Amino acid sequence: MDIEYVRSRFIKHFDGKTGSVYTSPGRINLIGEHTDYNGGFVFPGAIDKGITAEVRPNGTDTVMLYSIDLKDRVEFKVNDAVPPTTSWARYIYGVVQESKKRGVEVKGFNAAFAGDVPLGAGMSSSAALESCFAYALNNLFGGNKLSQWDLVLIGQATEHNYCGVKCGIMDQFASVFGKNGMLMRLDCNSREHAYFPFDLQGYRLVLLDSVVKHELASSAYNDRRANCEHVVAALKRKYPEKDIKTLRDADWEMLESVKTDISEEDRKRAAYVLAEKDRVLAVCEALNQGDYETVGKKMYETHEGLSQAYEVSCPELDFLNDVAKACGVTGSRMMGGGFGGCTINLVKDELYDSFVNKAKTDYYAKFNKALKVYDIVISDGAHKICD
């Protein structure tokens with residue numbers, strides 16, 4: 001992101017004075033999809049694409065925002081009880097309110113921001129936006145008193161309370177905790193995390209963007225979460241002596257024991273979650289041993305589970321996964337909430353060009369859409385760039 005361009009827009013659209021510049025990244029997730037809100041494991045990394053904002057206190061109680069990409073301006077009062085109607089501004093409004101709940105005395109400010117996280121591609125542009133402003137408000141109004149975990153939870157609460165998405169913590173975690181050249185294994189139950197050097201030798205990570213986003217994505221996300229909660233409720237009834245909070249606390253035997261108490265749809269969703277929990281741990285072990293063939297195998301297994309058991313894939317993503325298999329790609333799966341977005345692909349260097357070219361050609365022939373390709377650089381999390 002061009003910092004000087006953001007600064008020039010900030011100067012133009014406000015009072016000519018400069019502020020402080022902050023940035024926060026989008027993310028990829030190597031494996032561990034739809035496990036975060038089930039208390040399981042995920043394996044994300046921050047990327048070199050994100051949201052950059054210039055922010056300056058304005059001495060009033062009014063927040064004045066300018067979206068550079070959308071050429072749109074929104075204002076609201078810090079203490080407004082009703083969120084703005086503009087969808088992108090609701091994220092920033094939510095961050096303001098959730099920061100206040102945690103003791104940050106947010107006052108009015110001016111902000112201009114822009115992003116280069118591809119929208120709808122499953123790289124969590126909304127988490128990047130939330131984390132960027134949570135970091136900025138903590139820095140400008142909170143004396144940096146909030147912890148990194150506070151910033152993560154501010155972003156999650158914004159999604160829950162103001163945007164209607166009951167997300168887990170992975171996206172915001174990756175955006176806040178990311179480190180250059182490191183992937184992270186996060187235990188979404190205990191919040192313990194570990195960094196894993198990600199220095200691929202002989203392989204590349206590439207995202208293929210289907211450039212589709214089917215409309216049922218948000219509602220289906222909440223439906224899947226409800227499926228899992230139904231199973232947890234059945235497990236609690238069956239095992240009142242156990243402290244069952246999420247599917248993380250269940251095993252295969254326990255799931256089998258309640259199958260007559262839940263719908264087949266609920267059982268399929270829960271079975272995927274348990275299998276994915278096992279796959280993430282297998283990938284961690286494989287990475288420690290430099291065994292990328294096993295990593296790739298588990299990625300394919302995840303895609304099959306997401307497509308057949310969790311049912312959050314779509315024809316476009318399944319097609320790209322099939323192309324990857326046909327080209328001998330080591331690993332491939334859909335990434336993100338589903339119903340569009342990207343596949344993430346672990347590709348040997350010598351196959352990269354032929355795979356990308358075939359994917360582009362075949363995808364256009366099948367869907368009459370031009371595929372987008374993103375090479376991945378693992379980067380740092382939310383931080384201040386300059387004053």
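Located above this text is the structure these notes cover.
Residues numbered from 1 in each chain as written. Predicted model: local features only at pLDDT ≥ 70, side-chain atom pairs only at ≥ 80, totals over all residues. Heavy atoms only, no water.

**Looking at the side chain of T246**
Tracing the chain through its elements places T246 in the loop between helix 6 (217–238) and helix 7 (252–257). Setting aside anything within four residues of it in sequence, one finds T246 in contact with N38, G39 and V232. (Helix = DSSP H or I, 4+ residues; strand = E, 2+ residues; numbered from the N terminus. Contact = heavy atoms within 4.5 Å.)

**Observations concerning the environment of Y364**
Within the secondary structure, Y364 sits in helix 11 (residues 352–367). In this view, Y364 contacts K369 and A370; residues no more than four positions away in its chain are not counted.

**Thoughts on the packing of helix 3 (residues 125–141) against helix 4 (residues 148–162)**
Where helix 3 contacts helix 4, the two axes come as close as 9 Å, and the packing angle between them is 130 degrees. It follows that helix 3 is oblique to helix 4 by the angle criterion. For the pair helix 3 and helix 4, the sense of crossing is right-handed. Together, S126, A127, E130, A134, Y135 and N138 of helix 3 and L151, I154, G155, T158 and E159 of helix 4 make up the contact between the two elements. Split by residue class, the contact of helix 3 with helix 4 holds 5 nonpolar, 4 polar and 2 charged. (Axes fitted to C-alpha atoms, helices over the stretch in contact; angles between N-to-C directions. Parallel < 35°, antiparallel > 145°, perpendicular 65-115°, else oblique. Left-handed = near helix turned anticlockwise from the far one by under 90°. Nonpolar A, V, L, I, M, F, W, Y, C, P; charged D, E, K, R; others polar.)

**Description of the packing of aromatic side chains**
Considering all chains together, one arrives at 18 aromatic pairs under this definition. Relative to Y93, the ring of F76 has its centre 5.3 Å away and its plane inclined at 75 degrees; by these criteria the two rings are edge-to-face. Of this pair, F76 sits in strand 5 (residues 72–77) while Y93 sits in helix 2 (residues 87–101), and the two are 17 residues apart along the sequence. A relative accessible area of 2% means that Y93 is categorised as buried. (Phe/Tyr/Trp six-rings, centres within 6.5 Å; stacked < 30°, edge-to-face > 60°. Buried < 20%, exposed > 50% of the residue type's maximum accessible area, 1.4 Å probe, protein only.)

**Focus: the side chain of S332**
Along the chain, S332 falls in strand 10 (residues 331–335). Within the local environment of S332, its side chain forms a polar contact with the side chain of N345, the two groups lying 2.7 Å apart. Not counting residues within four places of it along the chain, the set of residues in contact with S332 comprises M299, Y300, H303, N321, A324, T343, I344 and N345. (Polar contact = N/O pair within 3.5 Å; in protein donor to acceptor, adjacent residues only side chain to side chain.)

In short, geometric facts, not functional conclusions.
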